[in-house]
Amino acid sequence: MNEDTSRIHCRLDELLAERDMTLTRLSELVGVSIVNLSVLKNDHAKAIRYSTLQAICQALHCDVGDLLTYTAAA
């Protein structure tokens, strides 16, 4: 499955906006580079480590389902 047909969407941008937090600040909190967070935010990530996912959810006080959504095929 290529990224054009991926049905997984990362809501990182929306969650950051809701919390009035910058990508730079999130990067500092979770210890992940801004570039890697940007790749995730723009739905270009091919994989994510559980430790990274856990750190992001902890920093944003959210659940995995708040961060990642799945849309079933039509």
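Now for a look at the structure at hand. (Residues numbered from 1 in each chain as written. Predicted model: local features only at pLDDT ≥ 70, side-chain atom pairs only at ≥ 80, totals over all residues. Heavy atoms only, no water.)

Looking at helix α2 (residues 23–30)
We count it as follows: A simple rule labels every residue: compare its accessible area, found with a 1.4 Å probe on the protein chains alone, to the largest value its type can have, and call it buried under 20%, exposed over 50%, or partly exposed in between. Segments assigned H or I by DSSP are reported as helices when at least four residues long, segments assigned E as strands when at least two residues long, and all are numbered from the N terminus. Note that the arc is computed from the directions linking the helix axis to the C-beta atoms. Contacts: residue pairs with any heavy atoms within 4.5 Å of one another.
Turning to α2, its buried residues number three or more, namely Leu-23, Leu-26, Ser-27 and Val-30. Projection of α2 onto a plane perpendicular to its axis shows the buried side chains occupying an angular sector of 105°, all on one side. Of the surrounding secondary structure, the elements contacted by the buried residues of α2 are α1 (12–18), α3 (34–41) and α4 (50–60). Residue Gly-31 follows α2 closely and has a positive phi angle near 75°.

Some thoughts on the state of the cysteines
Structurally, a disulfide amounts to a covalent bond that connects the sulfur atoms of two cysteines. The criterion, for reference: Any pair of cysteine sulfurs within 2.5 Å is marked as a disulfide.
For the coordinates displayed, the defined rule picks out zero disulfides. Here Cys-57 stays unpaired: no disulfide links it, and the sulfur of Cys-62, its closest cysteine neighbor, is 4.0 Å away. Assessed through its relative accessible area of 9%, Cys-57 is described here as buried.

Structural notes on the pattern of salt bridges
Basically, it comes down to this: Should a side-chain nitrogen of Lys or Arg be within 4 Å of a carboxyl oxygen of Asp or Glu, the pair is scored as a salt bridge.
Within the structure shown, the criterion is met by five salt bridges. Between Glu-18 and Arg-11 there is a salt bridge, with the nearest N and O atoms lying 3.6 Å from each other. The class of Glu-18 is exposed, set by a relative accessible area of 56%. In this structure, Glu-18 and Arg-19 form a salt bridge, with 3.3 Å as the shortest nitrogen-oxygen distance. Through salt bridges with shared partners, one network takes in Arg-11, Glu-14, Glu-18 and Arg-19.

What to know about the packing of α2 against α4
Heads up, the rule is: The axes used here are C-alpha line fits, helices contributing only the stretch in contact, and every angle between their N-to-C directions lies in the interval 0 to 180 degrees. The labels follow the angle: roughly parallel below 35 degrees, roughly antiparallel above 145, roughly perpendicular from 65 to 115, and oblique for the rest. Crossings are sorted by hand: turned counterclockwise from the far helix by less than a right angle, the near helix makes the crossing left-handed, and turned clockwise it makes it right-handed. The classification used treats Ala, Val, Leu, Ile, Met, Phe, Trp, Tyr, Cys and Pro as nonpolar, Asp, Glu, Lys and Arg as charged, and all other residues, Gly among them, as polar.
For the pair α2 and α4, the least separation of the axes is 9 Å and the interaxial angle reads 120°. Classified by the angle between their axes, α2 and α4 sit oblique to one another. Our pair here, α2 against α4, has a crossing hand that is right-handed. In this structure, α2 contributes Leu-26, Leu-29 and Val-30 to the contact, and α4 contributes Ala-55, Ile-56, Ala-59 and Leu-60. Grouping the amino acids of the contact of α2 with α4 by side-chain chemistry returns seven nonpolar, no polar and no charged.

Observations regarding the environment of Thr-24
Mapped onto the elements of the fold, Thr-24 is located in helix α2. Judged by its relative accessible area of 41%, Thr-24 is partly exposed. C-alpha separation for the pair Thr-24 and Ser-51, spaced 27 residues apart in sequence, amounts to 19 Å.

Points about the packing of α2 against α3
Two elements in contact, α2 and α3, have axes separated by 9 Å at closest approach and are oriented at 115°. Between α2 and α3, the angle falls in the class roughly perpendicular. For α2 against α3, the interelement crossing comes out right-handed. For the pair α2 and α3, the contacting residues are Leu-23, Thr-24, Leu-26, Ser-27 and Val-30 in the first and Ile-34, Leu-37, Ser-38 and Lys-41 in the second.

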